[in-house]
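Listed here are the chains, written in short residue letters.
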Amino acid sequence: MIKELIEKIKFDLNADRIGPDIPFTHWNLFFHKRMVKLCKRKFSSFSDTSGVRPGVYAVVCSKISIGRNVIIRPGSMLFGDLRSQGYSIIIEDNVLLGPCVQIYVNNHKFAKDTNGNIYHDDHTEPKSVILRKGCWIGANAIILPGVEIGEYAIVGAGSIVAKSVSQGMMVVGNPARFIKNV
Ligand SMILES: CC(C)(COP(=O)(O)OP(=O)(O)OC[C@H]1O[C@@H](n2cnc3c(N)ncnc32)[C@H](O)[C@@H]1OP(=O)(O)O)[C@@H](O)C(=O)NCCC(=O)NCCS
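Bear in mind that the values here come from a model prediction, so they are computed numbers and not experimental data.

Parameters at a glance
- Starting afresh in each chain, residues are numbered from 1 along the sequence in its written order.
- Owing to the predicted nature of the model, reporting of local features is limited to residues with pLDDT of at least 70; listing and counting of side-chain atom pairs is limited to 80 or more, with chain, interface and lining totals taken over all residues.
- Think of the side-chain values as coming from all heavy atoms in the structure, minus any hydrogens and water.
- Proximity is defined per residue: if any heavy atom of the residue lies within 4 Å of a molecule or strand, that residue is considered near it.
- Pairing of N or O atoms within 3.5 Å defines a polar contact, subject to two protein rules: one partner must be a possible hydrogen donor and the other a possible acceptor, and residues neighboring in sequence count only if both atoms are side-chain atoms.
- Note on areas: Shrake-Rupley, 1.4 Å probe, and residue coverage restricted to the protein chains presented here.
- Secondary structure elements follow DSSP: runs of H or I of four or more residues count as helices, runs of E of two or more count as strands, with numbering from the N terminus.
- Following the grouping adopted for this structure description, the nonpolar residues are Ala, Val, Leu, Ile, Met, Phe, Trp, Tyr, Cys and Pro, the charged ones are Asp, Glu, Lys and Arg, and the polar ones are all others, Gly among them.
- The buried label goes to any residue with under 20% of its type's maximum accessible area, the exposed label to any with over 50%, and the partly exposed label to all in between, with areas taken from a 1.4 Å probe on protein chains only.
- For this quantity, the arc is that covered by the directions from the helix axis to the C-beta atoms.
- We call two residues in contact whenever any of their non-hydrogen atoms come within 4.5 Å of each other.
- As used in this record, nonpolar core signifies buried Ala, Val, Leu, Ile, Met, Phe, Trp, Tyr and Cys residues forming a set joined through side-chain atoms within 4.5 Å.
- Distance thresholds for patches are 9 Å for like charges and 5 Å for nonpolar side chains (Val, Leu, Ile, Met, Phe, Trp, Tyr), applied to residues having over 30% relative accessible area and no salt bridge.
- Counted as salt bridges are all cases of a side-chain nitrogen of Lys or Arg within 4 Å of a carboxyl oxygen of Asp or Glu.

Chemist: Which parts of the structure should I look at to understand the site of the ligand?
Modeler: Inspection of the region around the ligand gives 13 residues, with Arg73, Trp136, Ala139, Ala157 and Lys180 positioned closest. With respect to the ligand, the side chain of Lys180 contributes an N or O atom lying 2.7 Å from an oxygen atom. Isolated, the ligand exposes 920 Å² of accessible area, and the fraction of that covered by the protein chains is 46%. Secondary structure elements with two or more residues in the shell around the ligand: strand 16 (169–172) and strand 17 (177–181). When grouped by side-chain class, the residues that make up the shell around the ligand number 7 nonpolar, 4 polar and 2 charged.

See below:
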């Protein structure tokens, strides 16, 4: 048990990820200065004026860029991919992510499943997600690979966004559809 604990501590400290499943760094998110220090160490870029709340998961942080005055609320999940050219996920300045927002940049290669276990199959080539400055992503929204959310656009709570959203548009629903200009 002690050996396993030591290995887990080492893993957590070096992992290219943060989240409740990485408890030996996750606790830092409960304290502002420690949160900033951890996020600066893990993400490709991060600012003193941004906040990642406890309960956020981020995988392959080194491929995620977070701008200034960004807030990411609890339960949100950001999945980067080491194979991305440049960043997997770019979050520009003044972006707000509500609770439990999920961002994905790839899919499982479901058509090529040979061993009957999709978890062990390859992933498709990553397609980056970009959240342009000032956009607001409502609670529980899901942003799918390759989507760009334009400046000051709004994504309603619970929406599933499969296509890019232009600047200043409000979209809601599954699949997310335009309802009005902001
Ligand atoms: C998208 C949102 C901002 C729109 O607010 P609004 O401008 O006041 O829009 P309205 O309430 O007038 O709704 C306009 C229409 O869209 C529908 N609608 C609004 N939000 C919706 C949503 N999330 N999903 C599906 N439909 C939605 C309404 O039912 C209404 O339909 P109708 O015209 O057929 O009656 C708001 O509904 C929302 O989802 N907010 C996110 C809240 C949140 O996540 N907070 C977390 C804090 S960060």
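Chemist: Hey, could you run me through helix 3 (residues 32–42) in this one?
Modeler: Residue pairs spaced three or four apart in an α-helix point in one direction, given the helix's 3.6 residues per turn. Within helix 3, burial applies to Met35, Val36, Leu38, Cys39 and Lys42. Along helix 3, the residues classed as buried sweep out an arc of 165° about the axis, all on the same side. Of the exposed residues in helix 3, those oriented more than 90 degrees away from the buried face are Lys33, Lys37 and Arg41. For helix 3, the secondary structure elements touched by its buried residues are helix 1 (2–14), strand 1 (17–18), helix 2 (23–26) and strand 2 (51–52).

Chemist: Quick question: what am I supposed to make of the nonpolar core here?
Modeler: A general trend in soluble globular proteins is that nonpolar side chains are found buried together. Within the largest apolar cluster, 37 residues are counted, with the highest numbers of intra-cluster contacts made by Phe43, Val52, Leu131, Ile137 and Ile149. Elements with a minimum of two residues in this core: helix 3, strand 4 (64–66), strand 7 (89–91) and strand 10 (129–131). The leading source of residues in this core is helix 3, at 4 residues. With residues near it in sequence (within four places) discarded, Phe43 still touches Ile18, Val52, Ala58, Cys61, Ile64 and Ile66.

Chemist: Even after reading the chapter, I still don't get the environment of Ser159, so can you show me in this structure?
Modeler: Within the secondary structure, Ser159 sits in the loop between strand 14 (154–155) and strand 15 (160–161). Judged by its relative accessible area of 0%, Ser159 falls in the buried class. Distance in space between the C-alpha atoms of Ser159 and Pro175 is 6.8 Å, their sequence separation being 16 residues. Setting aside its immediate chain neighbours within four residues, Ser159 contacts Asn140, Ala141, Ile142, Val171, Val172, Gly173 and Ala176.

Chemist: Hey, could you run me through a nonpolar patch on the surface in this one?
Modeler: Taken together, the side chains of Met1, Leu5, Ile9, Leu13 and Phe24 define a hydrophobic patch exposed on the protein surface, amounting to about 450 Å² of accessible area. At 3 residues, helix 1 tops the list of elements feeding residues into the nonpolar patch. By the element assignment, Met1 lies in the segment before helix 1. By relative accessible area, Met1 is classed as exposed at 75%.

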